[in-house]
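# Summary of structural features
Chain by chain, the residues run as shown.
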Amino acid sequence: MTREERNALWNERLQNQKESSLTIATWCEQNQIAQSQFYYWQKKLTSSVHEPDSVVVALSMPSSLTTLVIETPNGYRISINDASAITLLP
């Protein structure tokens, strides 16, 4: 089975569960699928749809930098206070 076929199969399974009035636990039991496997595929297929591609952004560094803060769309925040560490970034 190819990756595309496997993804299509699991997309169909996820949709079937969603359209049923069953909980995930009940649906998985009735379809003889481990809940861990269901959640794995749910995360795999939904996160790849919503996560943006990485973007590289050029930074111009001010000469009198006190703190460099980088924030990602996912909410991660990186703060660099040491000027010698900042020179390692390029």
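What counts as what
- Residues numbered from 1 in each chain as written.
- Predicted model: local features only at pLDDT ≥ 70, side-chain atom pairs only at ≥ 80, totals over all residues.
- Heavy atoms only, no water.
- Phe/Tyr/Trp six-rings, centres within 6.5 Å; stacked < 30°, edge-to-face > 60°.
- Helix = DSSP H or I, 4+ residues; strand = E, 2+ residues; numbered from the N terminus.
- Pairing = 2+ DSSP bridges.
- Core = buried A, V, L, I, M, F, W, Y, C linked by side-chain atoms within 4.5 Å.
- Buried < 20%, exposed > 50% of the residue type's maximum accessible area, 1.4 Å probe, protein only.
- Contact = heavy atoms within 4.5 Å.
- Salt bridge = Lys/Arg side-chain N within 4 Å of Asp/Glu carboxyl O.
- 1 Å grid on protein atoms, 1.4 Å probe; cavity = no way out; pocket = protein on both sides within 12 Å on 5 of 7 lines; lining within 4 Å.
- Points joined across faces, edges and corners; volume = space filled by probe spheres on them.
- pLDDT = per-residue confidence, 0-100.
- Expected span 1.5 Å × (residues − 1).
- Arc of directions from axis to C-beta.

## Quick look at the packing of aromatic side chains
- One pass over the structure, following the stated rule, counts 4 aromatic pairs.
- An angle of 5 degrees between the planes, with centres 5.6 Å apart, marks the rings of Trp 10 and Trp 41 as stacked. One end of the pair, Trp 10, is in helix α1 (residues 3–19); the other, Trp 41, is in helix α3 (residues 35–50), with 31 residues separating them in the sequence.
- Joined through ring pairs, the aromatic side chains of Trp 10, Tyr 40 and Trp 41 make up one cluster.

## Overview of the pairing of strand β2 (residues 77–80)
- Bridge analysis of strand β1 (residues 68–71) against β2 gives 4 bridges, and the strand direction is antiparallel. Counted as the bridge partner of Ile 70 is Ile 78 from β2.
- Taken together, β1 and the strand that follows it, β2, pair antiparallel across an intervening segment of 5 residues, in which Gly 75 is found at a positive phi of about 95 degrees.

## Here we look at the nonpolar core
- By size, the foremost hydrophobic cluster in this structure holds 9 residues: Trp 10, Leu 14, Ile 24, Trp 27, Cys 28, Ile 33, Phe 38, Trp 41 and Leu 45.
- Put simply, the parts of the chain that give this core at least two residues each are α1, α2 (24–30) and α3.
- The contacts of Ile 24, once residues within four sequence positions are left out, are Gln 17, Phe 38, Tyr 39 and Gln 42.

## A short note on the environment of Glu 71
- Tracing the sequence through the fold places Glu 71 in strand β1.
- Residues in contact with Glu 71, not counting those within four places in the same chain, are Tyr 76 and Arg 77.

## Considering the pattern of salt bridges
- Scanning the model with the defined rule gives 1 salt bridge in all.
- Between Arg 77 and Glu 71 there is a salt bridge, and its shortest N-O distance comes to 3.9 Å.
- Exposure remark for Arg 77: the relative accessible area of 58% places this residue in the exposed category.
- By relative accessible area, Glu 71 is classed as exposed at 57%.

## Digging into the layout of surface pockets
- Computed from the structure, the second largest pocket encloses a volume of approximately 160 Å³.
- If you list the elements that add at least two residues to the lining of the second largest pocket, you get α1 and α3.
- Among the elements that line the lining of the second largest pocket, the one with the most residues is α1, at 5 residues.

## Quick notes on the confidence of the model for the protein
- The predicted model of the protein averages 81 in pLDDT, with 72% of residues at 70 or higher.
- Averaged pLDDT values for the elements of the protein fall to 61 in helix α4 (residues 83–86) and rise to 95 in α2.

## Some remarks on α1
- The end-to-end C-alpha distance of α1, which contains 17 residues, comes to 24 Å, matching closely the 24 Å that a straight helix rising 1.5 Å per residue would cover.
- If you check which residues of α1 are buried, you get Trp 10, Leu 14 and Gln 17. Each buried residue of α1 sits inside an arc of 60 degrees when the element is viewed along its axis, so together they form one side. α1 presents Glu 4 and Glu 19 as exposed residues on the side facing more than 90 degrees away from its buried surface.

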